[in-house]
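Listed here are the chains, written in short residue letters.
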Amino acid sequence: MNTPFQDLFFADADPDELAQRDPQALVAMAQAHWVLMQACKAGEVRVEVLRAPQAQGEGTTLVQIVHPDMAFLVDSVSIAVNQSGRTVHWIVHPLIRVSRDEAGTITQVDSAAGTAPSAGKASVVSCILVECTRLASDPDGEALCRAIESTLLDVRSAVQDWRAMLSRVQLLSAGFTALDGADAAEAKAFLTWLEQ
């Protein structure tokens, strides 16, 4: 790893947010995410809910997520956090290109932001850090962790199935010949709307 992980982790983070936090706490956050990422096998998902360092305030929870990169992750996690009754204060979301050896051990990490997918064994991992309000009703964040895991499962299902669903919609749209003109036009308009 040529670039220190914390530099990759916070490369695109809001400088004003970084300035409001203790540098040692930031290093600890990045280090905890690095440890979590190393514990993951390729393609695995991990969610951990941690208490923020004391300097960040007693009412704060940190959520760490390691997930194969795909669409809708950050928005979906934010919605899950908000639906739990918490307020999102800060999100850090670096995309990390991870190379592994034959045993699955991480051998190299680089920023994947704005780059084309790579060939070979490298994969892009979404590291998401969410700082949010801690609730007295769920002080350890166990319910929040389960809610986020459930949301991420739904996201994976939707993202992995969308091409098959689109093909099916296109096939159905092309097959309207047995219906009369008005019904067929309405059905085709609906399928076109779904497709878009």
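Residues numbered from 1 in each chain as written. Predicted model: local features only at pLDDT ≥ 70, side-chain atom pairs only at ≥ 80, totals over all residues. Heavy atoms only, no water.

Time to look at the pairing of strand S5 (residues 106-111). Across 5 bridges, strand S4 (residues 95-100) lies against S5 in antiparallel orientation. Pairing of Val98 across the sheet is with Val109, part of S5. Once S4 ends, the chain turns through 5 residues before running back antiparallel as S5, passing Gly104 with a positive phi of about 90 degrees. (Pairing = 2+ DSSP bridges. Helix = DSSP H or I, 4+ residues; strand = E, 2+ residues; numbered from the N terminus.)

The subject of this paragraph is the pattern of salt bridges. Overall, the coordinates contain 4 salt bridges when judged by the stated rule. Arg21 is the partner of Glu131 in a salt bridge, and the nearest nitrogen-oxygen pair spans 2.8 Å. One end of the pair, Glu131, is in strand S6 (residues 123-133); the other, Arg21, is in the loop between helix H2 (15-19) and helix H3 (23-39), and 110 residues separate them in sequence. Each member of the pair Glu131 and Arg21 is classed as buried. (Salt bridge = Lys/Arg side-chain N within 4 Å of Asp/Glu carboxyl O. Buried < 20%, exposed > 50% of the residue type's maximum accessible area, 1.4 Å probe, protein only.)

A few words on the packing of helix H4 (residues 73-83) against helix H5 (residues 142-174). Two measures define how a pair of helices packs: the angle their axes make with one another and the distance between the axes. Closest axis-to-axis distance for the H4/H5 pair is 9 Å, and the angle between their directions is 145 degrees. Viewed along their axes, H4 and H5 form a crossing whose handedness is right-handed. Together, Leu73, Ser76, Val77, Ala80 and Val81 of H4 and Leu144, Ala147, Ile148, Thr151, Leu152 and Val155 of H5 make up the contact between the two elements. Class assignment of the residues belonging to the contact of H4 with H5 gives a composition of 9 nonpolar, 2 polar and no charged. (Axes fitted to C-alpha atoms, helices over the stretch in contact; angles between N-to-C directions. Left-handed = near helix turned anticlockwise from the far one by under 90°. Contact = heavy atoms within 4.5 Å. Nonpolar A, V, L, I, M, F, W, Y, C, P; charged D, E, K, R; others polar.)

Among the residues of H4, those classed as buried are Leu73, Ser76, Val77, Ser78, Ala80 and Val81. For H4, the secondary structure elements touched by its buried residues are strand S2 (60-68), strand S3 (88-92), S6 and H5. Gly85 lies just past H4 and shows a positive phi near 95 degrees.

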